[in-house]
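Chain by chain, the residues:
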Amino acid sequence: MLRVLSTLGLWFSLISLPVAAEQVDLRVLAWPGYADADMVAAFEKRHKVKVKVSYITNDDEMWLRMGNKQGADYDVFAVNTAELQRYIDANLAVAIEPSSIDNVTKQLPRFSRLSDIPGATRGDKVYAIPYTYSEMGLIYNRNYFDTPPESWQVLWDPQYQGKVLAYNGSAHNYSLAGLVAGVSNPFQQTNQEFTSSTERLLALRRNALTFYSSPEEALDYFSQESVALVFANYGAQQLKKLQDSGADIGYTIPKEGALAWLDCWALSNGVQNRDLAHQWINFTLEPWVSELLTERQGLANTIVQDTRSVAEDKIIWLEQVEDNQRRTDYWENILSGKTLQTMALP
């Protein structure tokens, strides 16, 4: 009996031993489609390393993840140039050494001149290497429209109530509301303009079917519901997904213009192996990798000139906003169903 108890005790002690965590050499935080499994596998094989990729679907989620442990959970992350500024301010991003990334010489001139890209540098330091970009246009269902809608105001049209797919993101929605209202700078709104934008977004909530978070979620809703309009936060990426599914849709840049993002690779304050992080960025700028991004996701890359752009389209590059936290807080109030009267607006 004692031998049985001793054996059981040994067995229980063995199964209670902590399991060694899997060795990870590079930790990447990115948007869906930016680091597909086969691309990651090719990098791992070449460098004989293990890569862990984590995905986010909106800027607010990225900020929360990066803020946890001061960026210690990640080595490299994909972020747009406007959002990057608050990561630099919070010491969550560290400088990059472009001289360690040979493939920057393959990029188109507009992306290789980093000092000409607002938000890519701070002082004499480089914080971002451009990877992909897109405008956030308007997708419309041809079953509802014979001609493309001319204005973003159509998202608020009562005849499309419950048929609008909007995006679940605070910064972009407040900027869109300001753009529609014609404010002088939708990224730097005064208190009065912010209150007006909040009221406008409350009206959008009442008109929208729902607020999606990813291109895949938008595709699911479009396939299952009678959707007339989609604010294409992911631009050409989600346009391609809908087209590939057989949706009869069109895409337009309304007369007010369209917000546009430029996503870049940046180094986290928690980066453990800078050389490997630089090698990752260099790898994604190889022509075959960047072209896969375009082929699979429909997104423009920084290596090959995009032929879909039209010169007369009004494109408005994203800029740093006046108060990210305020936009996040009030957007959560909007989603929760609060009214303008129950919010402590500035």
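The sections below set out a description of the structure shown in this document. Because the structure is a prediction, the values reported are computed rather than measured.

The rules behind the values
- Residues numbered from 1 in each chain as written.
- Predicted model: local features only at pLDDT ≥ 70, side-chain atom pairs only at ≥ 80, totals over all residues.
- Heavy atoms only, no water.
- 1 Å grid on protein atoms, 1.4 Å probe; cavity = no way out; pocket = protein on both sides within 12 Å on 5 of 7 lines; lining within 4 Å.
- Points joined across faces, edges and corners; volume = space filled by probe spheres on them.
- Nonpolar A, V, L, I, M, F, W, Y, C, P; charged D, E, K, R; others polar.
- Buried < 20%, exposed > 50% of the residue type's maximum accessible area, 1.4 Å probe, protein only.
- Helix = DSSP H or I, 4+ residues; strand = E, 2+ residues; numbered from the N terminus.
- Pairing = 2+ DSSP bridges.
- Polar contact = N/O pair within 3.5 Å; in protein donor to acceptor, adjacent residues only side chain to side chain.

In this model, the second largest pocket occupies a volume close to 240 Å³. Along the lines of polarity and charge, the residues of the lining of the second largest pocket split into 6 nonpolar, 1 polar and 4 charged.

Let's shift gears to the pairing of strand β13 (residues 258-268). The buried fraction of β13 amounts to 11 of the 11 residues, a majority that puts the element mostly inside the structure. The sheet contact formed by strand β3 (residues 76-80) and β13 spans 5 bridges and is antiparallel. Each residue of the ladder has a partner; that of A78, found in β13, is W265. Looking at chain direction, strand β4 (residues 93-94) and β13 are connected through 2 bridges and run antiparallel. Looking at the pairing, A93 lines up with S268 of β13. Where strand β7 (residues 129-135) and β13 come together, 6 bridges link them in antiparallel fashion. When the bridges of β13 are listed, T132 appears paired with D263. Pairing between β13 and strand β15 (residues 315-317): 3 bridges, direction parallel. Within the sheet, the bridge partner assigned to A260 lies in β15 and is W317.

Its place among the elements puts H278 in helix α10 (residues 274-284). Overall, H278 belongs to the buried group, its relative accessible area being 1%. Here E97 takes part through its backbone nitrogen, which lies 3.1 Å from a polar atom of the side chain of H278.

Moving on, we come to empty space enclosed by the protein. Tallied over the full model, the rule gives 3 cavities of 30 Å³ or more. Roughly 100 Å³ of internal volume is contained in the largest cavity. Together, W31, Y34, D59, N80, H172, N233, Y234, Q237, W261 and D263 line the largest cavity. For the lining of the largest cavity, the class distribution of residues is 4 nonpolar, 4 polar and 2 charged. Here the second largest cavity defines a volume of roughly 80 Å³. If you trace the second largest cavity, you find it lined by N80, A82, E83, A171, H172, S175, F187, L318, E319, Q320, V321 and N324. Taken together, the elements giving at least two residues each to the lining of the second largest cavity come down to α4 (81-89) and α6 (170-181). The class makeup of the residues in the lining of the second largest cavity is 5 nonpolar, 5 polar and 2 charged.

Treat this as a map of the structure, not an account of what it does.
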